[in-house]
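Now for the letters of each chain:
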Amino acid sequence: MATVAEFDSVGLRYGTGAEVLRDLDFRLRTGSFYFLTGPSGAGKTSLLKLLYLAQRPTRGRIKLFGEELSEAERESLPPFRRRIGVVFQDFRLIRHLSAFDNVALPLRIGGSSDDEVEGSVREMLAWVGLADRASARPPTLSGGEQQRVAIARAVINRPELLVADEPTGNVDADMANRLMGLFTAMNRLGTTVVVATHDVGLIGATPGAQLIRLENGTLVDPTGTLRNPPGPPRGDS
Amino acid sequence: MFPWLFVSPAERRLLGGPRFGGPTPWVIAIMSFSIMLIAASGLALASTAALVGGSIESRYALEVPGGAATLAPLVEAVRSTSGVTSVEAVPESDMRQTLERWLGPAAQSAELPVPALIDFNAEPGANLAALQQRARAIAPGARIVAHRDSVGPLLHSLRLLQWVAFGLVVLQSIAASAAVVLAARGALDTHRFTIEVMHGIGATDLQVTHLFQRKILIDALVGSLAGALAAAIVLLLLASGAALAGELTGGATLGPVDLVVLALLPFALTVLATWVARTAVLRALRKAL
């Protein structure tokens, strides 16, 4: 069974504080859709940081895309990061760049030509409903528009793993459905999706998705979904 | 050629702000200005030392205590010595005239013993010991004095000053490098968020550094050239009228090689600043994950 991520006895602490994540053991199957839930302060964002290589675990072992990366040289990480799309809770858009340039950033870092960038970014902005806001800078966009730009940036280069932290927190129900539709479509194309959310409705509206629940930095899995082999990826049945 | 020097408009937009500006070009301009003046002084001193050293290297004087009574046979003895290329007797009247500058009318007093002098040039290998023996046979007490021995301390001072100038150029370059490091760190702090986002998306350190090194290269190049231009104007003004002009353009000119060295200095400073900035940025980036 191919996995995108493998966590073995992973723990994380910041500085000399207490562990914010403890004894995490799970695997994310390639092409699956996961929701990460839990109360505020449970460690969801920290877990996502480990997934998108913004943090190293203080103990345990993490394999991403089949490679042990817990103690990998930092110079070896950029190629793995390019295979991951991230939607940050605070969007993390570069304020002095236009929406177009923010969305184009992953493609440019990946070495795409100007023509490729132009076509892909226009298409993506149109999909998230911001075709006419391409030249607008983030401070002039609403919260929902900024979130859509952030999502467009995360998915523009068709990542193998898409990690989203509360991606629908600032958009209306209609846009939330459209964005989840985009995530689902990407998942159907083979992208493994991990969405951290409090939105129970969102989880219920995504059949076949699996649940990772965190409480106090540990994995709570009353259903056993993650410990048992997960069901087939969406679209396989 | 130099692909690292050129970035696309999109890459330029990543750092935002004007293409050129801030305190860095001014700091580098001031450093470049002082480096150019110090280097020009050092090169002029080196040129002076070479000129003086070259002119006296083969120059000797035969001092004859007791006046000019034996001058004619001594001149003949010097002239007939193998390796001697030119001989000139200095008349006693010339000697007294020279002494008059320091002694006043007393220099003309018959009570003041003035030695006779014979200036001559000798090729290396000339048998000066034999010449001295022959001279002493004619005029006991005659002795050969090498000009380089009497001018030696002055030459030593000139060479010392030349090394002091070189040291100052090195110190100024180090100071300019330190300023560039501070500027690079400041730029990193200013753009920390952008860098974090780029790293998160998969940018390498080299890709990030590329953006900064180009900006610092432009700042350094503009600052260096501006400072060098100002220094050139000052040097031209000095050369056209001030006392230093004599040293710079008269006795000891700045030769073509010196001018090439001076012309290359701003570019060397630019290369140094860019390399220092690149190294500083790369080191700082390595502290992040």
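Residues numbered from 1 in each chain as written. Chains lettered and ligands numbered in written order. Predicted model: local features only at pLDDT ≥ 70, side-chain atom pairs only at ≥ 80, totals over all residues.

Participant: For the overall build of chain B, give the residues involved together with the corresponding values.
Facilitator: Scanning chain B from N- to C-terminus turns up 10 helices and four strands. If you list the helices and strands of chain B from N to C, you get α-α-β-α-β-α-β-α-β-α-α-α-α-α. For chain B, the C-alpha radius of gyration of 31 Å lies well beyond 19 Å, the compact-globule estimate for 289 residues. By residue count, 34% of the 289 residues in chain B fall in the buried class. In chain B, once contacts between residues fewer than 6 apart in sequence are set aside, the share between residues at least 24 apart is 86%. (Helix = DSSP H or I, 4+ residues; strand = E, 2+ residues; numbered from the N terminus. Rg over C-alpha atoms; globule rule 2.2 N^0.38 Å. Buried ≥ 20, exposed ≤ 12 C-beta atoms within 10 Å, placed from the backbone. Contact = placed C-beta atoms within 7 Å.)

Participant: An account of the interface of chain B and chain A is needed here, citing residue identities and associated values.
Facilitator: As a measure of interface size, the accessible area lost when the parts come together is often cited. On the chain A side, the residues contacting the 13 residues of chain B number 18 residues. By residue number, the principal contributor to the side of chain B that touches chain A is helix H7 (residues 192-201) of chain B, which donates five residues.

Participant: Tell me about the pairing of strand E8 (residues 192-196) of chain A, residues and numbers included.
Facilitator: All names here are of chain A. With five of five residues buried, E8 lies mostly within the body of the structure. Residues Thr-192, Val-194 and Ala-196 of E8 are buried on one face, and the alternating residues Val-193 and Val-195, pointing to the opposite face, are buried as well. Both strand E3 (residues 33-37) and E8 contribute to a ladder of four bridges, which runs parallel. Residue pairing in the sheet places Phe-35 in a bridge with Val-195 of E8. Here strand E7 (residues 161-165) runs beside E8; their pairing, made up of five bridges, is parallel. Each bridged residue has a counterpart across the sheet, and for Asp-165 the counterpart in E8 is Ala-196. Handedness of the crossover joining E7 and E8 through helix H6 (residues 173-188): right-handed. (Pairing = 2+ DSSP bridges. Right-handed = clockwise from strand over helix to strand, strands pointing away.)

Participant: Could you give an account of the environment of Ala-126 of chain B, naming the residues involved and the relevant values?
Facilitator: Residue and element names in this part refer to chain B. Looking at the secondary structure, you find Ala-126 in the loop between strand E3 (116-122) and helix H5 (128-138). Under the C-beta neighbour-count criterion, Ala-126 is labelled partly exposed, with 18 such atoms within 10 Å. Spatially, the C-alpha atoms of Ala-126 and Thr-81 are 7.8 Å apart, while their sequence positions differ by 45 residues. Non-local contacts of Ala-126, meaning those with residues more than four positions away in its chain, are made with Thr-81, Ser-82, Gly-83 and Val-84.

Participant: Tell me about the sheet that holds E3 of chain B, residues and numbers included.
Facilitator: Residues and elements named next belong to chain B. Strand order in the open sheet made by the four strands is E2-E3-E1-E4, with antiparallel pairing throughout. In this open sheet, the two strands that pair with only one neighbour each are strand E2 (84-90) and strand E4 (143-146). Within the sheet, the average angular offset between the axes of one strand and its neighbour, ignoring direction, is 25 degrees. Inspection of the sheet shows E2 paired to E3 by six bridges, in the antiparallel sense. Each bridged residue has a counterpart across the sheet, and for Val-87 the counterpart in E3 is Phe-120. (Axes fitted to C-alpha atoms, helices over the stretch in contact; angles between N-to-C directions.)

Participant: Please give an account of the sheet that holds strand E2 (residues 19-29) of chain A that cites residues and values.
Facilitator: Residue and element names in this part refer to chain A. Strand order in this open sheet of four strands is E2-E1-E4-E5, and the pairing throughout is antiparallel. A single partner strand is all that each edge strand has here, and the edge strands are E2 and strand E5 (67-68). Bridge analysis of strand E1 (residues 3-13) against E2 gives seven bridges, and the strand direction is antiparallel. Its bridge partner being in E2, Phe-7 is matched across the sheet by Phe-26. Along the sheet, helix H1 (residues 44-51) makes contact with E1, E2 and strand E4 (59-64), crossing E1 at roughly 125 degrees.

Participant: Explain helix H4 (residues 114-127) of chain A to me, and be specific about the residues and the numbers.
Facilitator: Residues three or four positions apart in an α-helix share a direction because the helix packs 3.6 residues into each turn. With 14 residues, H4 of chain A ought to run about 20 Å at 1.5 Å a step, and its terminal C-alpha atoms sit 20 Å apart, in line with that. Contact partners of the buried residues in H4 of chain A: helix H3 (99-109) and helix H5 (143-155) of chain A. (Expected span 1.5 Å × (residues − 1).)

Participant: Explain the confidence of the model for chain A to me, using residue names and the numbers behind them.
Facilitator: Confidence in the prediction for chain A averages 86 pLDDT; 92% of positions are at 70 or higher. Below a pLDDT of 50 lies the segment residues 226-237 of chain A, which in the model reaches 20 contacts outside its immediate sequence neighbourhood of four places, other chains included. (pLDDT = per-residue confidence, 0-100.)

Participant: Before we move on, could you go through the packing of helix H6 (residues 147-190) of chain B against helix H10 (residues 256-286) of chain B and cite the residues and values that matter?
Facilitator: All names here are of chain B. Remark: H6 packs on H10, axes separated minimally by 9 Å, with the N-to-C direction vectors making an angle of 40 degrees. Put simply, H6 runs oblique to H10. The element H6 and its partner H10 pack so that their crossing is right-handed. The residues of H10 that touch H6, namely those facing Ser-173, Ala-176, Ser-177, Val-180, Val-181, Ala-184, Arg-185 and Leu-188, are Leu-269, Leu-272, Ala-273, Val-276, Ala-277, Ala-280, Val-281 and Ala-284. Here the residues of the contact of H6 with H10 are counted per class, giving 13 nonpolar, two polar and one charged. (Parallel < 35°, antiparallel > 145°, perpendicular 65-115°, else oblique. Left-handed = near helix turned anticlockwise from the far one by under 90°. Nonpolar A, V, L, I, M, F, W, Y, C, P; charged D, E, K, R; others polar.)

Participant: Run through the nonpolar core, naming residues and quoting values.
Facilitator: By size, the foremost hydrophobic cluster in this structure holds 118 residues, and its most contacted members are Val-103 and Val-163 of chain A together with Met-36 and Val-180 of chain B. In terms of residue count, helix H2 (residues 23-56) of chain B provides more of this core than any other element does, 15 residues in total. Among all residues touching Val-103 of chain A, those that are not within four sequence positions of it are Val-121, Met-124, Leu-125, Val-149, Ala-152, Arg-153 and Ile-156 of chain A. Among the nonpolar cores identified, the runner-up in size contains 17 residues, and Leu-62, Leu-74, Val-84 and Phe-120 of chain B belong to it. (Core = buried A, V, L, I, M, F, W, Y, C linked by C-beta atoms within 7 Å.)

Participant: An account of the packing of H3 of chain A against H4 of chain A is requested, with residue identities and associated values reported.
Facilitator: Residue and element names in this part refer to chain A. Put simply, H3 and H4 touch, their axes get as near as 9 Å, and they point 125 degrees apart. It follows from the interaxial angle that H3 and H4 lie oblique. Of the two possible hands of crossing, H3 and H4 adopt the one that is right-handed. In this structure, H3 contributes Ala-99, Phe-100, Val-103, Ala-104, Leu-107 and Arg-108 to the contact, and H4 contributes Glu-116, Val-117, Ser-120, Val-121, Met-124 and Leu-125.

Participant: Requested: an account of the environment of Asp-199 of chain A, with residues and values cited.
Facilitator: Tracing the backbone shows Asp-199 of chain A in the loop between E8 and helix H7 (200-204). Taking the C-alpha atoms as reference, Asp-199 of chain A lies 9.8 Å from Phe-35 of chain A; in sequence the two are 164 residues apart.

Participant: Which residues make up H3 of chain A, and what values do they have?
Facilitator: All names here are of chain A. Among the 11 residues of H3, 11 are classified as buried, and the element is accordingly described as predominantly covered. Those residues of H3 not exposed but buried are Ala-99, Phe-100, Asp-101, Asn-102, Val-103, Ala-104, Leu-105, Pro-106, Leu-107, Arg-108 and Ile-109. Trailing H3 by a residue or two, Gly-111 shows a phi angle of about 95 degrees, which is positive.

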